Amino acid sequence: MGAVRSGRVGQAGRAGVGRRCGAAAVVLAVLVGAAACSKSGAGDSGSDAGKASGSSGGTGSSAPAVAIQGDITFNDTNLAKLDAALKAALAGKDLSKLDEAMVVNVAVDYWNAGKIGFNKGLKDLGVKGTYQAPANGRLDQQLSIIQTLRGQGITGLSVSAIDPTAIKAPIASANKAGIPVLAIDSPLPKEDGAALYLGTPNYQAGQKAGEAMKQALGGKGQVVILVGSLTTSNAVERIQGFEDALKGTDIKVAQKLSDGMDAAKALTNAQTAIQTNPNINGLYGVYSYDGPSAGQAVQAAGKSGKVKIISDDSDPQTLKFVQSGVIQATVLQEPYQQGYTGAYLLAALKVLGKQATLDLVKPYLESDGTTISSGVGLVTQANLTDYQAKLTELGIG
């Protein structure tokens, strides 16, 4: 958060997007019509990129901001091919004994799309499965859920781990019992034993956020990062990508504030940062609820259009703030695809075996050899309508 990021809070979640193989033609049709348009100024109400190009940072010292280019193509073309390859390889196989599980890190809106995708994948496969989420994003709850599912005889597990260290023993136990484990949303160390990682390339997501911030601030200013955890792998990678994108500019990261996966704390952090440092003209919200928290703080301070906000994920309130111009852009993931393709990968790993599955997915892996990217998108005021049309086509929202 999500960086998106591993753990998230239950008060304000995020909704995501993916696509399924059977709907690929529809989705691609939507994407072809989706213009990668842009906007930048927080107070802009028009959808044309040119309307935003004159906005400036909150300190008055920034160069004019430039238009932010939106993009909702994600990695859909490659994922459609992978879905088709998995479906073909599983055709005619006995799947009657499969019982899959998808366990995410917290019960929030963001994961609704993942649940929809997972259930659609199960339906297309004709197999049983269970989606579970700890209500409060607590590690002990997640571990208890996994233990219970193991006792119920699951044959495969996809998991967005809250803690990479704590999940190591359950993964080892599952592997020993012949139960494949797929990491989703947040990558795990190779030594943890997950077969693959299906999700967002988090460093790239952070880079995209950083590039958007550069454009929003015109290359000058001071930024505060709001995040649920400073140690979770996906958050660390996103922040690193964000900071690297700012190198060579006059934009400085003044603070990195952890809220412990508490939306109320995130709001307090944003309010305090704005009140105590008048030079702050940018906020980057890494977890799904951080964007809405930043938006509320900026609105309450009367600084909409002066303090620029780049967020992660498509929490409903985030999209409302994008529409009104309070948030300049939000970086998106595809939890739907993590659910849908995840169901197929678990079936393949169990029925075809690990090596045969790895051979199938090899053409679609990132350079690290274990990551299947679900892609990174960027929604601005200009392409928000196209993104919402995509969600509707997928039955999300």
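Residues numbered from 1 in each chain as written. Predicted model: local features only at pLDDT ≥ 70, side-chain atom pairs only at ≥ 80, totals over all residues. Heavy atoms only, no water.

Got a minute to help me understand the overall build of the chain in this structure?
Across its full length, the chain holds 13 helices and 14 strands. When each of the 397 residues of the chain is scored for burial, the buried share is 57%. (Helix = DSSP H or I, 4+ residues; strand = E, 2+ residues; numbered from the N terminus. Buried < 20%, exposed > 50% of the residue type's maximum accessible area, 1.4 Å probe, protein only.)

Would you mind going over the nonpolar core with me for this structure?
One recurring pattern in soluble globular proteins: nonpolar side chains tend to sit buried together. Counting 62 residues, the largest nonpolar core has Trp111, Leu125, Leu283, Leu345 and Ile372 as its most contacted members. Take this core: its biggest share by element is 8 residues, from helix H11 (residues 335-351). One finds Ala216, Ile239, Tyr289 and Ile310 within the second-largest nonpolar core, a separate group that totals 26 residues. (Core = buried A, V, L, I, M, F, W, Y, C linked by side-chain atoms within 4.5 Å.)

Looking at this structure, how should I read the sheet that holds strand S14 (residues 377-379)?
Within a sheet, neighbouring strands are paired by backbone hydrogen bonds and run either parallel or antiparallel to one another. The strand order S9-S8-S10-S11-S12-S14 describes an open sheet built from 6 strands, whose pairing is mixed. Every interior strand has two partners, whereas the edge strands, strand S9 (250-258) and S14, have only one. Here the strands of the sheet are splayed against their neighbours by 20° on average, with no regard to which way each runs. (Pairing = 2+ DSSP bridges. Axes fitted to C-alpha atoms, helices over the stretch in contact; angles between N-to-C directions.)

Please clarify how the sheet that holds strand S13 (residues 371-373) should be interpreted in this entry.
On the basis of which strands lie adjacent, the open sheet formed by 6 strands has the order S4-S3-S5-S6-S7-S13 and parallel pairing. Strand pairing shows two members of the sheet lacking a second neighbour, strand S4 (128-132) and S13, which therefore form its edges. On average, adjacent strands in this sheet sit at an angle of 20° to one another, irrespective of strand direction. Bridge analysis of strand S3 (residues 99-103) against S4 gives 5 bridges, and the strand direction is parallel. By the bridge assignment, Ala101 is partnered in S4 with Thr130.

How should I be thinking about helix H10 (residues 316-324) in this particular structure?
Note on helix geometry: an α-helix contains 3.6 residues per turn, so any two residues three or four positions apart are oriented the same way. Residues Thr318, Leu319, Phe321 and Val322 constitute the buried set of H10. Projected onto a plane normal to the axis of H10, the buried residues spread over an arc of 160° and lie on a single side. Summarising the geometry of H10, the exposed residues directed more than 90 degrees from the buried face are Lys320 and Gln323. Residues of H10 that are buried in the fold lie against helix H9 (290-300), strand S11 (308-312), strand S12 (329-332), S14 and helix H13 (384-393). (Arc of directions from axis to C-beta. Contact = heavy atoms within 4.5 Å.)

Could you clarify how one ought to interpret the confidence of the model for the chain in this entry?
Reading predicted coordinates in detail is not appropriate for stretches of low pLDDT. Of all residues in the chain, 83% have pLDDT values of 70 or greater, and the mean over the chain is 86. pLDDT under 50 marks residues 1-62. Its contacts with residues more than four places away, or in other chains, come to 262 contacts. (pLDDT = per-residue confidence, 0-100.)

Mind showing me how you'd approach the environment of Glu366 here?
The topology assignment puts Glu366 in the loop between helix H12 (354-361) and S13. Since its relative accessible area comes to 29%, Glu366 is described here as partly exposed. Distance from Glu366 to Pro201, taken between C-alpha atoms, is 8.8 Å for residues 165 residues apart in sequence. Ignoring any residue separated from it by four or fewer positions in sequence, one finds Glu366 in contact with Gln204, Thr371 and Ser373.

How should I be thinking about the packing of H11 against H12 in this particular structure?
Between H11 and H12, whose axes approach to 6 Å, the crossing angle comes to 135°. With respect to their mutual orientation, H11 and H12 come out oblique. Crossing angle aside, the handedness with which H11 passes H12 is right-handed. Where H11 abuts H12, its residues Leu345, Ala348 and Leu349 lie against Lys354, Thr357 and Val361. Looking at the contact of H11 with H12, its residues break down into 4 nonpolar, 1 polar and 1 charged. (Parallel < 35°, antiparallel > 145°, perpendicular 65-115°, else oblique. Left-handed = near helix turned anticlockwise from the far one by under 90°. Nonpolar A, V, L, I, M, F, W, Y, C, P; charged D, E, K, R; others polar.)

So what exactly am I meant to see when it comes to H13 here?
Among the residues of H13, Leu384, Tyr387, Lys390 and Leu391 are the ones counted as buried. The arc enclosing the buried residues of H13, seen along the axis, measures out at 120°, which places them on a common side. In H13, the exposed residues that point more than 90 degrees away from the buried face are Thr385 and Thr392. Gly395, located one to two residues past H13, shows a positive phi value of around 80°.

In this structure, what is going on with the pairing of S9? I would like to understand it.
In this sheet, S9 lies alongside strand S8 (residues 220-227) in parallel orientation, the contact comprising 8 bridges. Each residue of the ladder has a partner; that of Gln222, found in S9, is Lys252. Of the crossover connections in this fold, the one passing from S8 over helix H7 (residues 233-246) to the parallel S9 is right-handed. (Right-handed = clockwise from strand over helix to strand, strands pointing away.)

I would appreciate a short explanation of the pattern of salt bridges in the present structure.
Side chains carrying opposite charge are able to pair once their charged atoms draw close together. In total, this model carries 8 salt bridges according to the counting rule given. Among the ionic pairs, Asp124 bridges to Lys120, the shortest N-O distance being 3.2 Å. Separated by 4 residues within a single helix, Asp124 and Lys120 lie in helix H3 (residues 112-125), roughly one turn from each other. Linking Lys256 and Glu243 is a salt bridge whose minimum nitrogen-to-oxygen distance equals 3.1 Å. Of the two residues, Lys256 sits in strand S9 while Glu243 sits in helix H7, which places them 13 residues apart along the sequence. A residue is classified by how much of its surface remains accessible, and Lys256, at 38% relative accessible area, is partly exposed. Judged by relative accessible area, which is 23%, Glu243 ranks as partly exposed. (Salt bridge = Lys/Arg side-chain N within 4 Å of Asp/Glu carboxyl O.)

Mind showing me how you'd approach the packing of H3 against H11 here?
When two helices pack together, their arrangement is given by the angle between the helix axes and the distance between those axes. Look at H3 against H11: their axes get within 6 Å of each other, and the N-to-C directions meet at 35°. When you trace H3 past H11, the crossing you get is right-handed. For the pair H3 and H11, contact is made by Ala113, Gly114, Ile116, Gly117, Phe118, Lys120, Gly121, Leu122, Asp124 and Leu125 and by Pro335, Tyr336, Gly339, Tyr340, Ala343, Tyr344 and Ala347, respectively. Across the contact of H3 with H11, the residue classes break down as 11 nonpolar, 4 polar and 2 charged.

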